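What follows is each chain in one-letter form.
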Amino acid sequence: MRITKYRGGTRSLLRRLKFDSNKNVLPTLQKILYSVSDRDEVKNFLAKINIATFVPLHADRLKKRGYNQTELIFKDWLESMNLPTKNLLLRTKATPHLFKFNPAERKEILKGAFSLAEGVDVAGKNILIVDDIFTTGATAAGCAEVLKNAGAAKIFVMALASDFGNSD
């Protein structure tokens, strides 16, 4: 599920948060999420899920940036929607920013990049993977593979912004 298109203002806000460490944009990004809270399609989508997790950053990138932008954007909103959150995954391989790469290259770069966090049990659970931007699906697929291999029942994906399936 996509909340908004990765265009104009949303694109600018996400880039400022990710690449300029500008947390002042968070209230605006969160406002976008809260604006869809009452939509039946959002409520029905979230009702199928047991727990949400965030696409993890590699420890080096997390140390450099100081935060996982996706967690900052989504955590409070998801919990306000009565959906618990937990960091279920680790990024075990440092990868470059993927926006420069085509889908096949992204998939190759992300091979083996994720693992299940220690002590996590996802068997039989419906898991929501949350990311800030959905482009080709390679990141979500890499995360989903780990969760499915650990016994998750169903995997869902939500992104704040995406151009997926849109030509405009």
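What you see is a predicted model; the values in this text were computed from it and never measured.

## A look at the packing of aromatic side chains
Logical step 1: Under the definition given, this model contains three aromatic pairs.
Logical step 2: Ring centres of F19 and F99 lie 5.9 Å apart, and the angle between their planes is 75°; this geometry places the pair in the edge-to-face category. With F19 in helix α1 (residues 8-19) and F99 in the loop between β3 (89-91) and α6 (103-109), this pair connects stretches of sequence that are 80 residues apart.
Logical step 3: Residue F99 is classed as exposed on the basis of its relative accessible area, which comes to 54%.
Logical step 4: Relative to F156, the ring of F45 has its centre 5.7 Å away and its plane inclined at 85°; by these criteria the two rings are edge-to-face. Note that F45 is positioned in helix α3 (residues 40-47) and F156 in strand β6 (residues 154-162), a separation of 111 residues in sequence.

## Describing the nonpolar core
Logical step 1: Grouped together as the largest cluster of nonpolar side chains are 31 residues, with contacts concentrated most on L46, F74, W77, L78 and L128.
Logical step 2: Secondary-structure elements contributing two or more residues to this core are α1, α2 (26-34), α3, β2 (51-54), α5 (69-80), β5 (126-134) and β6.
Logical step 3: Once residues within four sequence positions are removed from consideration, F74 is found in contact with L33, F54, V130, D131, M158, A159 and L160.
Logical step 4: If you look at the next biggest cluster of nonpolar residues, it comprises 20 residues, including L88, V120, C143 and V146.

## Focus on the sheet that holds β6
Logical step 1: The sheet built from four strands is open, its strands ordered β1-β6-β5-β2 with parallel pairing. With partners counted over all chains shown, the strands left at the sheet margins are β1 (2-5) and β2, one partner each. Going across the sheet, the axis of each strand differs from the next one's by a mean of 25°, ignoring polarity.
Logical step 2: As paired strands, β2 and β5 are joined by four bridges and run parallel to one another.

## Notes on the packing of α2 against α5
Logical step 1: Where α2 meets α5, the closest approach of the two axes is 9 Å, and the angle between their N-to-C directions is 35°. Handedness of the crossing formed by α2 with α5: right-handed. Between α2 and α5, the residues in contact are L26, L29, Q30, L33 and Y34 and L72, I73, F74, D76, W77 and S80, respectively.
Logical step 2: Classifying every residue of the contact of α2 with α5 by side-chain character gives eight nonpolar, two polar and one charged.

## Section: the side chain of R65
Logical step 1: Here R65 lies in helix α4 (residues 59-65).
Logical step 2: Notably, R65 is buried but unbridged: the nearest opposite-charge side chain belongs to D132, and the N-O separation is 6.1 Å.
Logical step 3: Beyond its immediate chain neighbours, meaning those up to four positions away, R65 contacts K18, S21, L57 and H97.

## Remarks on the pairing of β5
Here is the key point about a regular strand: its side chains alternate between the two faces of the sheet.
Logical step 1: Across the nine residues that make up β5, a large majority, eight, are buried.
Logical step 2: After leaving β5, the chain enters helix α7 (residues 138-149) and then returns to the sheet as β6, a path that is right-handed.

## Here's the deal with the pattern of salt bridges
Logical step 1: This structure, assessed with the given rule, holds three salt bridges.
Logical step 2: In this structure, D132 engages K18 in a salt bridge whose closest nitrogen and oxygen atoms are separated by 3.2 Å. Of the two residues, D132 is situated in strand β5 and K18 in helix α1; the sequence distance between them amounts to 114 residues.
Logical step 3: D132 gets classed as buried once you look at its relative accessible area, which sits at 2%.
Logical step 4: Of the charged contacts, one joins K75 and E79 as a salt bridge, the two residues approaching to 3.0 Å between their closest N and O atoms. Taken as a pair, K75 and E79 lie in helix α5 at a separation of four residues, close to a single helical turn.

Definitions and cut-offs
- Residues numbered from 1 in each chain as written.
- Predicted model: local features only at pLDDT ≥ 70, side-chain atom pairs only at ≥ 80, totals over all residues.
- Heavy atoms only, no water.
- Phe/Tyr/Trp six-rings, centres within 6.5 Å; stacked < 30°, edge-to-face > 60°.
- Helix = DSSP H or I, 4+ residues; strand = E, 2+ residues; numbered from the N terminus.
- Buried < 20%, exposed > 50% of the residue type's maximum accessible area, 1.4 Å probe, protein only.
- Core = buried A, V, L, I, M, F, W, Y, C linked by side-chain atoms within 4.5 Å.
- Contact = heavy atoms within 4.5 Å.
- Pairing = 2+ DSSP bridges.
- Axes fitted to C-alpha atoms, helices over the stretch in contact; angles between N-to-C directions.
- Left-handed = near helix turned anticlockwise from the far one by under 90°.
- Nonpolar A, V, L, I, M, F, W, Y, C, P; charged D, E, K, R; others polar.
- Lys, Arg positive; Asp, Glu negative; His and termini not counted.
- Salt bridge = Lys/Arg side-chain N within 4 Å of Asp/Glu carboxyl O.
- Right-handed = clockwise from strand over helix to strand, strands pointing away.

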